[in-house]
Every structure is written in structure tokens, then in C-alpha cells.
Amino acid sequence: MPEPDQTPPVFKLLVKVISGASQNAITGWLGNELKIRVTASPERGKANVAVEKIVAQALGLPKGGVKIISGKTSARKIIEITGLPESDIMQRLTGAQEEH
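A short tour of the structure in this document, coming up. Since we're looking at a predicted model, the values are computed, not measured.

Parameters and conventions
- Residues numbered from 1 in each chain as written.
- Predicted model: local features only at pLDDT ≥ 70, side-chain atom pairs only at ≥ 80, totals over all residues.
- Heavy atoms only, no water.
- Helix = DSSP H or I, 4+ residues; strand = E, 2+ residues; numbered from the N terminus.
- Rg over C-alpha atoms; globule rule 2.2 N^0.38 Å.
- Buried < 20%, exposed > 50% of the residue type's maximum accessible area, 1.4 Å probe, protein only.
- Contact = heavy atoms within 4.5 Å.
- Areas by Shrake-Rupley, 256 points an atom, 1.4 Å probe, with all protein chains shown as cover.
- Lys, Arg positive; Asp, Glu negative; His and termini not counted.
- Charge placed at Lys NZ, Arg CZ, Asp CG, Glu CD.
- Core = buried A, V, L, I, M, F, W, Y, C linked by side-chain atoms within 4.5 Å.

Here we look at the overall build of the protein chain
In terms of regular secondary structure, the protein chain is built from two helices and five strands. Since a compact globule built from 100 residues should have a radius of gyration of about 13 Å, the 14 Å found for the protein chain is in line with a globular shape. Viewed in the frame of its principal axes, the protein chain has a C-alpha envelope of about 55 × 30 × 20 Å. Within the protein chain, buried positions represent 33% of all 100 residues. Sequence separation of 24 or more characterises 44% of the internal contacts of the protein chain that already satisfy a separation of 6 or more. Accessible surface, the protein chain: about 6,300 Å² in total, of which carbon and sulfur atoms supply 51%. Of the charged side chains in the protein chain, 13 are positive and 10 negative; the average position of the first set lies 11 Å away from that of the second.

Looking at the nonpolar core
Counting 24 residues, the largest nonpolar core has I36, V55, L59 and I81 as the members making the most contacts within it. Top element by residues in this core is helix α1 (residues 46-59). It accounts for seven residues. Aside from chain neighbours lying at most four places away, what touches L59 is V66, I81, L84, I89, R92 and L93.

Following this line, the structure appears as C-alpha cells:
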């Protein structure tokens with residue numbers, strides 16, 4: 001008998017992006033939104049690429065494990081994270097915050 005499909009977990013997360021910052025960093029939570037600063041400008045999707053990369057690195061995922069699915073031209077975006085359960089995502093992102 002074949003095993004059921006083992007689909008990886010998928011989680012959607014709201015983020016607020018500040019582009020043109022002095023450094024790339026996950027800076028903390030604003031309510032239910034994760035605040036991320038990126039040095040890249042929003043031109044031609046550069047800031048979006050930087051956001052995906054920063055979040056993937058913080059979570060220990062390959063770059064394809066994080067993608068922006070909504071808000072590509074807005075400061076507020078929805079990213080989709082594939083491959084980790086929500087509890088791991090929240091723990092890793094909270095641990096990745098800049099120390100202030």
C-alpha cells in the first residue's frame with residue numbers, strides 16, 4: 001500500500017519592509033507583522049529578493065523555501081514559508097532579531 005503524500009508544511013507570514021536601511025536585519029514584531037530592514041532599494045524587485053534571502057537564512061531554509069506571494073510593490077507583504085512548522089518558524093525568527 002503506498003504511503004500518503006508527505007507535503008511539507010506551508011506558513012504565510014505578514015512582513016513590513018523598510019528598504020534603503022543601513023544594514024539587513026530582522027528587527028522585531030509589530031503586532032502580527034515581522035519588521036525587516038534591507039539595504040536594497042525597492043527598484044526592480046531588489047528589496048523583495050533581499051527579504052526572501054534574509055528570511056530564508058534566518059530559518060535555515062534554501063532560498064526557494066521563502067517567497068513573496070503578495071504585496072510585491074508595497075512595504076507590507078505576505079511571504080510564504082515552506083518546509084518548517086509554524087512553531088519552528090516563530091522561534092527562529094524571534095531568535096534572529098537584532099539586539100537593541
